[in-house]
Amino acid sequence: MEPGNYRPAPGHVGRPVDTVVPPQVQGAVMKAGRSRSGLVGLTVGGSTLAFLSLFLVVPFLLSNTGPAGFLVGFLASLVPLSVVLLAVHIIDKWEPEPKRLLFFAFTWGAAVSIAVTLLIQPFFVLAFQFSDGADLQAYMATVQAPIVEEFAKSLGLLILLLMARKHFDGPVDGVVFAFTIAGGFAFTENILYVGRAVAESADPAGDFAQVFFLRGVMSPFAHAIFTGTTGLVMGFAARRWHAGASVAAFFVGLLPAMFLHNRWNSMGQGFLAEYLMVQVPIFFLAIGGIILLRVAEKRLTRQRLLEYSAAGWFTPAEVELMATLGGRRTALNWAGNYGRKRQMREFLKAATRLANTRQRILSGRDVQLHQAEERQQLQRILALRAAVAH
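On a predicted model such as this, the values are computed, not experimentally measured, just so you know.

Novice: Got a minute to help me understand the overall build of the chain in this structure?
Specialist: Helix and strand content of the chain: 13 helices and 0 strands. Each helix and strand of the chain, placed in order from N terminus to C terminus, yields the pattern α-α-α-α-α-α-α-α-α-α-α-α-α. In terms of C-alpha radius of gyration, the chain reaches 24 Å, essentially the compact-globule figure of 21 Å for 390 residues. The C-alpha extent of the chain, read off along each of the three principal axes, is 80 × 45 × 40 Å. Residues counted as buried form 49% of the 390 residues belonging to the chain. Taken as two groups, the 35 positive and 24 negative side-chain charges of the chain have centres that lie 12 Å from each other.

Here it is in structure tokens:
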């Protein structure tokens, strides 16, 4: 934030705000883009694209796996998919994204990005000549796959950033959407690899166990980490709220994703050593980075809400209640005792969104647009407060 971009939070006019929860509960805490219609349009458009993509993707999978292999691959692929989606749920707990956008992200990864890959793939084969099949396989794995697959997956991120900017406002959101897209892509790809191992092998059980262990146990987060780097870069660009910066971040973010994908696919005879010495540290580095992002997100929420507290919209105790996990848990438990847990959850979500809007105001870009949105959100905060407190 540039000092010249600072604008004070609008003052609260009228009588002092009511407290959301009783003082004794507050004391315990102290101690411890787009409109709804836009979301519908994005969901409908994404669902239509995903449905059309199935006419290309499903025949491709069946032709490579057969019905029995497809069924086995589908069931087996649910295991790593569940692991990735559980991680998404944990990462996304602070500011949950709309289910419609997560549905769009998943279907984009599982169907649309696969279809885009299948359509672009032949051009890479036609553009180069190879002396034998081994050269072609190596080229397709280390050059074509990183470029085409990361482009196809990240295209969904770009659409989300341009069309759902209100909900894509930081690096954590970028990681959440990227992991969801990548989880969908890996799900379909795992159906192919596992199903083909069953259909084409003389020892289906042995080859199934080998492929499942490699893809489902050793590397369920491989695609998520690749595409997650693109989501991270685009998430930082999202705070600038500028279409040009979003497109630039898309291309910049593709570079580390393609590089990581290339290094994974390039592991050969020394696979196990490189996996332990390179890929496992990258995985733990990703975990550490996500934890730091979550901490920074909570700190930013608290800093921005304190400015509204100074302007009279919240009490200091309420800020602690809204800006810490312990405070939110206490507030939800209290509200649950009076049948108002849903209203309290909406109040907390609205407060977090308000903090993100203020952050965009302080970026200095499209200030009047965001200030108008801020005024609407503040009025909604008052309505939600009344629903919780009375």
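Novice: Please clarify how the nonpolar core should be interpreted in this entry.
Specialist: It is characteristic of soluble globular proteins that their nonpolar side chains tend to be buried jointly. Core analysis: the largest hydrophobic core is formed by 49 residues, its most contacted members being Leu-160, Phe-168, Phe-177, Phe-179 and Met-234. Going through the elements one at a time, helix 2 (36-91), helix 3 (99-127), helix 4 (133-163), helix 5 (171-200), helix 7 (222-238), helix 8 (243-265) and helix 9 (271-310) are the ones with two or more residues in this core. With near-sequence residues (within four places) excluded, Phe-179 lies in contact with Val-84, Val-88, Ile-91, Phe-221, Ala-224, Ile-225, Gly-228 and Ile-290.

Novice: Help me understand the packing of helix 12 (residues 341-362) against helix 13 (residues 367-389) in this model?
Specialist: Angle between the axes and distance between the axes are the two parameters that describe a pair of packed helices. Two numbers describe how helix 12 lies on helix 13: the axes approach to 9 Å, and their chain directions differ by 160°. In terms of orientation, helix 12 lies roughly antiparallel with respect to helix 13. Seen from above, helix 12 lies across helix 13 with left-handed handedness. A class-by-class count of the residues in the contact of helix 12 with helix 13 yields 12 nonpolar, 5 polar and 8 charged.

Novice: What should I look at first to understand the pattern of salt bridges in this one?
Specialist: Where charged atoms of side chains with opposite charge meet at close range, the side chains can pair. In total, this model carries 11 salt bridges according to the counting rule given. A salt bridge links Glu-150 to Lys-153; the nearest nitrogen and oxygen atoms lie 2.8 Å apart. Taken together, the residues Glu-150 and Lys-153, both in helix 4 and 3 residues apart, mark about one turn of the helix. Of the two residues examined, Glu-150 and Lys-153, each falls in the buried class. Between Arg-358 and Glu-307 there is a salt bridge, with the nearest N and O atoms lying 2.5 Å from each other. In this pair, Arg-358 sits in helix 12 while Glu-307 sits in helix 9, placing the two residues 51 residues apart along the sequence. Of the two residues, Arg-358 and Glu-307, both sit in the buried class.

Novice: I would appreciate a short explanation of the packing of helix 7 against helix 9 in the present structure.
Specialist: With their axes 12 Å apart at the nearest point, helix 7 and helix 9 run at an angle of 30° to one another. With respect to helix 9, the axis of helix 7 lies roughly parallel. In this structure, helix 7 meets helix 9 at a crossing whose hand is left-handed. Residues Ile-225, Leu-232 and Phe-236 of helix 7 lie in contact with helix 9, whose contacting residues are Ile-282, Phe-283, Ala-286 and Leu-293.

Novice: Explain helix 7 to me, please; I cannot follow it from the model alone.
Specialist: Given 3.6 residues per helical turn, the α-helix brings residues three or four places apart onto the same face. Taking 1.5 Å per residue as the helical rise, helix 7 with its 17 residues ought to reach 24 Å, and the 24 Å between its terminal C-alpha atoms agrees with that figure. At Gly-228, helix 7 is bent by approximately 30°, the largest bend along its length. Here helix 7 lies mainly inside the structure; 14 of its 17 residues are buried.

Novice: In this structure, what is going on with the environment of Met-140? I would like to understand it.
Specialist: In this structure, Met-140 sits in helix 4. Using a relative accessible area of 15% as the deciding quantity, one classes Met-140 as buried. In the structure, Met-140 is positioned 77 residues away from Val-217 in sequence and 24 Å away in space, judged by C-alpha atoms. When sequence neighbours within four positions are dropped, the list of residues in contact with Met-140 reads Gln-121, Val-125 and Ala-145.

Novice: Quick question: what am I supposed to make of the side chain of Thr-357 here?
Specialist: Positionally, Thr-357 belongs in helix 12. Setting aside anything within four residues of it in sequence, one finds Thr-357 in contact with His-370, Glu-373, Glu-374 and Gln-377.

Novice: Can you help me understand a nonpolar patch on the surface in this one?
Specialist: There is a patch of nonpolar side chains on the surface, built from Phe-51, Leu-52, Leu-54 and Phe-55 and spanning about 430 Å² of accessible area. Positionally, Phe-55 belongs in helix 2.

Novice: Which parts of the structure should I look at to understand the UniProt feature "transmembrane region" (unreviewed entry) in the chain?
Specialist: According to UniProt, the positions carrying the feature "transmembrane region" (unreviewed entry) are residues 39-62, 68-89, 101-124, 136-162, 174-193, 213-234, 241-260 and 272-296. From the first C-alpha to the last, residues 39-62 spans 33 Å; its make-up is 100% helix and 0% strand. Annotated as residues 136-162, this span is 100% helix and 0% strand, and its ends, taken at the C-alpha atoms, are 37 Å apart.

Novice: Any chance you could explain the environment of Ala-110 here in plain terms?
Specialist: Inspection of the secondary structure assignment puts Ala-110 in helix 3. On the accessibility criterion, Ala-110 (12% relative accessible area) is buried. Along the sequence, Ala-110 and Ile-181 sit 71 residues apart, while their C-alpha atoms lie 7.3 Å from each other. Excluding its chain neighbours within four sequence positions, the residues that come into contact with Ala-110 are Gly-184, Phe-185 and Thr-188.

Reading the values: the criteria
Residues numbered from 1 in each chain as written. Predicted model: local features only at pLDDT ≥ 70, side-chain atom pairs only at ≥ 80, totals over all residues. Heavy atoms only, no water. Helix = DSSP H or I, 4+ residues; strand = E, 2+ residues; numbered from the N terminus. Rg over C-alpha atoms; globule rule 2.2 N^0.38 Å. Buried < 20%, exposed > 50% of the residue type's maximum accessible area, 1.4 Å probe, protein only. Lys, Arg positive; Asp, Glu negative; His and termini not counted. Charge placed at Lys NZ, Arg CZ, Asp CG, Glu CD. Core = buried A, V, L, I, M, F, W, Y, C linked by side-chain atoms within 4.5 Å. Contact = heavy atoms within 4.5 Å. Axes fitted to C-alpha atoms, helices over the stretch in contact; angles between N-to-C directions. Parallel < 35°, antiparallel > 145°, perpendicular 65-115°, else oblique. Left-handed = near helix turned anticlockwise from the far one by under 90°. Nonpolar A, V, L, I, M, F, W, Y, C, P; charged D, E, K, R; others polar. Salt bridge = Lys/Arg side-chain N within 4 Å of Asp/Glu carboxyl O. Expected span 1.5 Å × (residues − 1). Bend = angle between axes of the 7 residues up to and from the residue. Patch = residues over 30% accessible without salt bridge, like charges linked within 9 Å, V, L, I, M, F, W, Y side chains within 5 Å. Areas by Shrake-Rupley, 256 points an atom, 1.4 Å probe, with all protein chains shown as cover. UniProt positions renumbered as here; feature names shortened; annotations may be inferred.

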